[in-house]
Amino acid sequence: MNAQNTSVHIRLWQYEFWLLAISEFLLSMSVYMLLPTMPLWLAGDQNLNGVEAGLVMGAFGAGLFALGAIVSFLIEHYRRNIVCVVAIASVAALLALLYYLDSLRYQFVEFPVLLLLRFAMGAAFGVSQMVLCSTLIIDTCESFQRTEANFATGWFGRIALALGPLAGLLLLRYTDHSIVFLAATGCAVASLVLVLMVNFPFRIPEDDVSFFCLDRFFLPHGTVLFINLLLVTVAFGMLLSLQLSVRFYAMMMCGFLGALLCWRFVFRDAELKSEVVTGLILLGAALMMLLTRSTLPIVSYAAPMFFGLGMGLIGSRFLLFFIKLSRHCQRGTSQSTFMLGWESGIAIGLGLGLGCFEGAPQQLMFTSLFLMVLALAAYQFSHSWFMKNKNR
């Protein structure tokens, strides 16, 4: 067998690691709460058409790349935890601005303003993730625990992908959009407070870091895996553009938890290739159920659970692939590259779903299924390429 799993170290789960892991969870929650609710706000309260709403939601994905090239310069010339705090504070400020625009301004917001706001939110979120997950969390761990730390915090983010939309829809059911924006702001502020509670020792900055560089931003060596991951996340993001129910996200959460158990027990000694292939098959099966048997009650439970199970298996395995592909001192860069593929793919897929398939769910799901099949075919190549080029 050619299996690769992370070890479990109880000593990793110390006080500071818990604080940063929960901070990552809350920060992701603050952004994911808007995935199902903000398109409704844009179409209803702001009277945008499908294309405009798609562009606004997709701008988040473009913003993720905006400041990545200067992240390494920033954390070498300023304290890395301060850079993270400023980035998270920017996310919170932008969410608070949405609350102000919705609850206090009482008039339509211009489309370019919404586009810029969402782009800026993506830029701030991207910097905060690159510093928090790729630098600060690693700094709290011993060298032999860092792969496990990356893996664990990745799961906190995936759990937020189910709980964030679930919380947003529940709040919207019983309150209104302004409360959703306020709750998202509260999550971001809580994330900021948790980072401030951790003490990071001062490090002498390096003077030879270029203003623009790919360090801690993007791993060129991982472009093949990045494209393969992007195919999956764009297809998944398109599905999130549909008006999904609270039950859907609750069952997707069960699927994520099932994926975590499967990783620990079912795939413990399995062939390395099996997790991604199984995940893609599960995603395809869920789409086929929605396309052919959507009226059956069991499908409303099974399909979202399959989505969570499939995305959980694929996400955890691709993250480890990126880490094992990285060379010396590139762990943070590999983590950021995975984050960009995961987050930008979901944002782009969400934008495409809103802008190109409004009122046409069947065509959207057929397109998503095509991308899943394409991702499975591409994985046959990218897995062999990974086995030849991995460094760990």
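See above for the structure.
Now for a look at the structure at hand. On a predicted model such as this, the values are computed, not experimentally measured, just so you know.

The rules behind the values
Residues numbered from 1 in each chain as written. Predicted model: local features only at pLDDT ≥ 70, side-chain atom pairs only at ≥ 80, totals over all residues. Heavy atoms only, no water. Helix = DSSP H or I, 4+ residues; strand = E, 2+ residues; numbered from the N terminus. Rg over C-alpha atoms; globule rule 2.2 N^0.38 Å. Buried < 20%, exposed > 50% of the residue type's maximum accessible area, 1.4 Å probe, protein only. Contact = heavy atoms within 4.5 Å. Axes fitted to C-alpha atoms, helices over the stretch in contact; angles between N-to-C directions. Left-handed = near helix turned anticlockwise from the far one by under 90°. Nonpolar A, V, L, I, M, F, W, Y, C, P; charged D, E, K, R; others polar. Patch = residues over 30% accessible without salt bridge, like charges linked within 9 Å, V, L, I, M, F, W, Y side chains within 5 Å. Areas by Shrake-Rupley, 256 points an atom, 1.4 Å probe, with all protein chains shown as cover. Salt bridge = Lys/Arg side-chain N within 4 Å of Asp/Glu carboxyl O.

Focus: the overall build of the protein chain
Alright, step 1. The secondary structure content of the protein chain amounts to 14 helices and zero strands.
Alright, step 2. Helices and strands in the protein chain line up, N terminus first, as α-α-α-α-α-α-α-α-α-α-α-α-α-α.
Alright, step 3. Rg of the C-alpha trace for the protein chain: 20 Å, near the compact-globule value of 21 Å for 392 residues, within the 12% margin.
Alright, step 4. Over its C-alpha atoms, taken along the principal directions, the protein chain stretches across nearly 50 × 50 × 35 Å.
Alright, step 5. Scored against the burial criterion, the 392 residues of the protein chain give a buried share of 60%.

So, the environment of threonine 333
Alright, step 1. Residue placement: threonine 333 occurs in helix H13 (residues 331–356).
Alright, step 2. Each C-alpha atom, one on threonine 333 and one on histidine 383, is 20 Å from the other, the two residues being 50 residues apart in sequence.
Alright, step 3. If we skip the residues at most four places from it in the chain, threonine 333 touches Leu214, Asp215, Arg216, Phe217, Phe218 and Leu219.

Some words on the packing of helix H2 (residues 34–44) against helix H3 (residues 50–63)
Alright, step 1. Between H2 and H3, the least distance of the axes is 10 Å, while the angle of their chain directions is 145°. At the point where H2 passes H3, the crossing takes the right-handed sense. Contact residues: Leu34, Leu35, Met38, Pro39 and Leu42 in H2; Ala53, Val56 and Met57 in H3.
Alright, step 2. Its residues assigned to classes, the contact of H2 with H3 comprises eight nonpolar, no polar and no charged.

Some words on a nonpolar patch on the surface
Alright, step 1. A surface patch of nonpolar side chains, amounting to about 370 Å² of accessible area, comprises Tyr15, Val189, Val193 and Met197.
Alright, step 2. Mapped onto the fold, tyrosine 15 is located in helix H1 (residues 15–32).

Quick notes on H2
Alright, step 1. For H2, the tally of buried residues reaches eight of 11 residues, placing the bulk of the element in the interior.
Alright, step 2. Listed in full, the buried residues belonging to H2 are Leu34, Leu35, Pro36, Thr37, Met38, Pro39, Trp41 and Leu42.

Considerations on the side chain of serine 28
Alright, step 1. Within the secondary structure, serine 28 is located in helix H1.
Alright, step 2. Here serine 28 is in contact with Phe125, Gln129, Gly157 and Ala160, once residues within four sequence places are set aside.

A word on the pattern of salt bridges
Between side chains of opposite charge, a pair can form when the charged atoms approach closely.
Alright, step 1. Scanning the entire structure with this criterion turns up three salt bridges.
Alright, step 2. A salt bridge links arginine 80 to aspartate 139; its shortest N-O distance comes to 3.2 Å. Note that arginine 80 is positioned in helix H5 (residues 80–103) and aspartate 139 in helix H6 (residues 111–139), a separation of 59 residues in sequence.
Alright, step 3. Relative accessible area serves as the criterion here: at 11%, arginine 80 is assigned to the buried category.
Alright, step 4. With relative accessibility at 25%, the residue aspartate 139 sits in the partly exposed group.
Alright, step 5. When the shortest N-O distance is used, the salt bridge between glutamate 275 and arginine 317 registers 2.5 Å. Residue glutamate 275 is found in helix H11 (residues 274–292), and its partner arginine 317 is found in helix H12 (residues 299–325); the two are separated by 42 residues along the sequence.
Alright, step 6. Judged by relative accessible area, glutamate 275 falls into the buried class, the value being 2%.
Alright, step 7. For arginine 317, a relative accessible area of 1% corresponds to the buried category.

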